[in-house]
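A structural walkthrough
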Amino acid sequence: DTEVTQTPKHLVMGMTNKKSLKCEQHMGHRAMYWYKQKAKKPPELMFVYSYEKLSINESVPSRFSPECPNSSLLNLHLHALQPEDSALYLCASSQEVVTERAFFGQGTRLTVV
Amino acid sequence: GESVGLHLPTLSVQEGDNSIINCAYSNSASDYFIWYKQESGKGPQFIIDIRSNMDKRQGQRVTVLLNKTVKHLSLQIAATQPGDSAVYFCAENINQAGTALIFGKGTTLSVSS
């Protein structure tokens, strides 16, 4: 199993809503990532978890709150988002954080209205 | 002397031609590089990787070349097919704690038959 599974595939939410994005992998990887990708742009790193601990936060606003409940799961909790937060949110995992190939999920297409 | 390949945001080729996609990376301390392919509506898909102790690596129909002197990476695709049409990203990583894969600008490859 070399898959990273993200749910939901699409999400529309209002600016006052609270929602969560979910990511799951069963490859035994100990590093998991959230990236944000705007149209026609490269993915931008948001958060990195290594061994279930947050190791990198790329100055992401607090309306995005990551959580790693166990080594297979990664969540991104969303609250009070802005329309400019609309993007494709990608989850990825790798065996370790450094010098390792990362596997990506299909992403969640988020629209904030 | 050697010339550094320019990054082109788009590349159009005929089916059967060879394609060369260029990438200039930013950090001289980067020691691991990956090429990803991203099709519309999907997450990035691994193509090939290379570590800084190598200057060339070959896969099936793909070759990655690394020139550390000018911080340049290229992806060569042999006998390009319509199914190769996608956006191609290079990504770099630095082998030290507190870092993760950082993506470069993408190149949209269009293959016409």
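Cut-off values and rules
- Residues numbered from 1 in each chain as written.
- Chains lettered and ligands numbered in written order.
- Predicted model: local features only at pLDDT ≥ 70, side-chain atom pairs only at ≥ 80, totals over all residues.
- Heavy atoms only, no water.
- Helix = DSSP H or I, 4+ residues; strand = E, 2+ residues; numbered from the N terminus.
- Rg over C-alpha atoms; globule rule 2.2 N^0.38 Å.
- Buried < 20%, exposed > 50% of the residue type's maximum accessible area, 1.4 Å probe, protein only.
- Contact = heavy atoms within 4.5 Å.
- Areas by Shrake-Rupley, 256 points an atom, 1.4 Å probe, with all protein chains shown as cover.
- Disulfide = S-S within 2.5 Å.
- Pairing = 2+ DSSP bridges.
- Axes fitted to C-alpha atoms, helices over the stretch in contact; angles between N-to-C directions.
- Buried area = accessible area lost by both parts, 1.4 Å probe.
- Nonpolar A, V, L, I, M, F, W, Y, C, P; charged D, E, K, R; others polar.

1. Quick word on the overall build of chain A
- For chain A, the helix and strand inventory stands at zero helices and 11 strands.
- What you see in chain A, going N to C, is helices and strands ordered as β-β-β-β-β-β-β-β-β-β-β.
- Its C-alpha atoms give chain A a radius of gyration of 13 Å, near enough to 13 Å, the size a compact globule of 113 residues would have.
- C-alpha extents for chain A along the principal axes are approximately 35 × 25 × 25 Å.
- Split into buried and exposed, the 113 residues of chain A put 49% on the buried side.
- Intrachain contacts of chain A at a sequence separation of at least 6 include 55% that bridge at least 24 residues.
- Working note: accessible area of chain A is about 5500 Å², and carbon and sulfur atoms make up 49% of it.

2. So, the state of the cysteines
- Scanning the entire structure with this criterion turns up two disulfides over all chains.
- One disulfide bridge connects Cys23 of chain A with Cys91 of chain A, the sulfur atoms lying 1.9 Å from each other. Looking down the S-S bond of the Cys23 of chain A and Cys91 of chain A bridge, the torsion is -70 degrees, so its handedness is left-handed. Of the two residues, Cys23 of chain A is situated in strand S3 (residues 18-25) and Cys91 of chain A in strand S9 (residues 87-94); the sequence distance between them amounts to 68 residues.
- We classify Cys91 of chain A as buried; its relative accessible area is 0%.
- Between Cys23 of chain B and Cys90 of chain B runs a disulfide, and the two sulfur atoms are separated by 1.6 Å.

3. Side note on the sheet that holds strand S7 (residues 64-70) of chain A
All names here are of chain A.
- In spatial order, the strands read S1-S3-S8-S7; together these four strands make up an open sheet with antiparallel pairing. Only two strands of the sheet have a single partner each, and these edge strands are strand S1 (4-7) and S7. The average angle at which neighbouring strand axes cross in this sheet is 20 degrees, direction not considered.
- Strand direction decides the pairing type here: S3 and strand S8 (residues 73-79), joined by seven bridges, are antiparallel.

4. Topic: the interface of chain B and chain A
- Facing the 25 residues of chain B at the interface are 20 residues of chain A.
- When chain B packs against chain A, close to 1600 Å² is buried across both sides, 60% of that on carbon and sulfur atoms.
- When contributions to the side of chain B that touches chain A are tallied by element, the ones reaching two or more residues are strand S3 (30-38), strand S4 (45-51), strand S8 (86-94) and strand S9 (102-103) of chain B.
- With five residues, S3 of chain B is the single largest residue contributor to the side of chain B that touches chain A.
- Its residues assigned to classes, the side of chain B that touches chain A shows 11 nonpolar, nine polar and five charged.

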